[in-house]
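# Structural features, examined
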Amino acid sequence: MRYFVRDDTLFLRGRFRAASTGLNGGIADVTTVLNHTVPHDFEENPPRHLELLAARHGLFRDYFGLLTAVTMRHLCVLQYDFITVFITAGVTNPTPPPAPHTINIIVCSREGMVDAALLETIVTATGAKAQALHNLGYDFPGTTTDAVAVACDRDAEPSHPSEHRPVHTYAGTLTEVGRRVHAAVLYGVPEALARYEGKVRRNEPSFFIYSRYGGDHWVEWQKEGCPYYPCHFPGQRCDYCYCPCYPCADEELGEWVESSNGGRVWGCARCTLLHVPEIADYVKRNPEAALAELKRLRDRL
């Protein structure tokens, strides 16, 4: 899975099995899930608008799309192991006529899920959103236009024989998928609302990672003022501290290491590829560039 923001649109690209409650939703194999910002006074035909947007970006019909009035600089991205959750949130009282505010949630899993688990993840994410709003003092569980999309990686083969790639059958809050989704949404909805309401000011999307160092907790990563800079070399670029290619399984760049929880995980602490300024700039211009392409560019520098 690769994700990037372009023209105030979040794109998730990959080979997905996905389910969506958004426009033209359902369950299908798709290559793209997107969340697009529209003006507050948006009055166009939503499905047609989405179709034209996809066409402008060279996408075929195998996509799911969501619309929001929240700008992508207020996007919150939360990574909890193999689960990544994307949230844009704005809230007004949902009494008709509906306001342009909405809470959109996209869940992406690097591990496989059966169709029933995709659908159950929608239920889990919706329940966590309702709990988050209740905790904030709202007397309603969502707005009239909220949507959830869930996608999992369709690549069946593991990157390495020792890599365990389960296919999840259930996704309730007590399952491996569900507890991660529930925790990310419960934490992420208030953070997304705080950014939309101006209580937290960011000029670009916010990235959170679930850390177990010093006790389980969420950490917001910001490249500015990082206490570890430079962790690789002077003048490095940190735009991709959390690599969009992970886990690449390219043993020229990293290695399989023993996990503290058992099994093996991909370790790339010594990889500097995306920290090279010229390569970081190239990925910003070409966010879907293949790893081999980036390595060729490195070799020419």
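Structure: see above.
Residues numbered from 1 in each chain as written. Predicted model: local features only at pLDDT ≥ 70, side-chain atom pairs only at ≥ 80, totals over all residues. Heavy atoms only, no water.

## Observations regarding helix 1 (residues 46-56)
What counts is decided by this rule: Residue burial is assigned from relative accessible area. The probe radius is 1.4 Å, only protein chains are included, and a residue is buried under 20% of its type maximum, exposed over 50%, and partly exposed in between. Numbering of helices and strands runs from the N terminus, with a helix taken as a DSSP run of H or I at least four residues long and a strand as a DSSP run of E at least two residues long. The arc in question is the one spanned by the directions pointing from the helix axis to the C-beta atoms. Every residue pair with non-hydrogen atoms within 4.5 Å of one another is taken to be in contact.
Every buried residue belonging to helix 1 is among His49, Leu50, Leu53 and Ala54, and all of these are buried. Projected down its long axis, helix 1 carries its buried residues within an arc of 135°, all on one side. Exposed and facing more than 90 degrees away from the buried side of helix 1 are Ala55 and Arg56. Residues of helix 1 that are buried sit in contact with strand 2 (9-20), strand 3 (26-37) and strand 4 (63-68).

## Thoughts on the nonpolar core
Keep this limit in mind: Grouping buried Ala, Val, Leu, Ile, Met, Phe, Trp, Tyr and Cys residues that are joined through side-chain atoms within 4.5 Å yields what is termed a nonpolar core.
Ranked by internal contacts, the top residues of the largest apolar core, which has 36 residues, are Val85, Ile87, Ile105, Met113 and Val185. Secondary-structure elements contributing two or more residues to this core are strand 5 (76-80), strand 6 (83-89), strand 7 (103-109), helix 2 (115-135), strand 9 (147-153), helix 3 (176-196) and strand 11 (206-211). With residues up to four places along the chain from it excluded, the contact list for Val185 reads Val85, Ile87, Ile105, Ala125, Ala128, Lys129, Ala132 and Pro190.

## Examining the packing of helix 2 against helix 3
For clarity, the cut-off: Lines are fitted to the C-alpha atoms to define the axes, a helix being fitted only along its stretch in contact, and any angle between axes, read from their N-to-C directions, falls within 0 to 180 degrees. Note that the term roughly parallel is reserved for angles under 35 degrees, roughly antiparallel for angles over 145, roughly perpendicular for angles of 65 to 115, and oblique for everything else. Handedness of each helix crossing follows the sense of rotation of the near helix against the far helix: counterclockwise by less than a right angle gives left-handed, clockwise gives right-handed. Lys, Arg, Asp and Glu make up the charged group, whereas Ala, Val, Leu, Ile, Met, Phe, Trp, Tyr, Cys and Pro make up the nonpolar group; the residues left over, Gly among them, are polar.
One way to put it is that helix 2 packs onto helix 3 with a least axis distance of 8 Å and a crossing angle of 40°. When the axes of helix 2 and helix 3 are compared, the pair comes out oblique. Taken as a pair, helix 2 and helix 3 cross one another with a handedness that is right-handed. Residues Thr121, Thr124, Ala125, Ala128, Lys129, Gln131, Ala132, Leu133 and Asn135 of helix 2 form the contact with helix 3, whose own contacting residues are Val177, Gly178, Val181, His182, Val185, Leu186, Val189, Pro190 and Leu193. Broken down by class, the residue content of the contact of helix 2 with helix 3 amounts to 11 nonpolar, 6 polar and 1 charged.

## Focus on the packing of aromatic side chains
As a reminder of what qualifies: For this analysis, a ring pair means two rings from Phe, Tyr or Trp (six-membered ring only for Trp) whose centres lie within 6.5 Å, classed as stacked if their planes differ by under 30 degrees, edge-to-face if by over 60, and tilted for the remaining angles.
Overall, the coordinates contain 11 aromatic pairs when judged by the stated rule. Between Tyr187 and Trp218, the aromatic rings sit 5.5 Å apart at their centres with planes inclined by 20°, giving stacked as the arrangement. Within this pair, whereas Tyr187 is found in helix 3, its partner Trp218 is found in strand 12 (residues 217-221), the two being separated by 31 residues in sequence. Among the aromatic residues, those joined into a cluster by ring pairs are Tyr80, Tyr187, Phe208, Tyr210 and Trp218.

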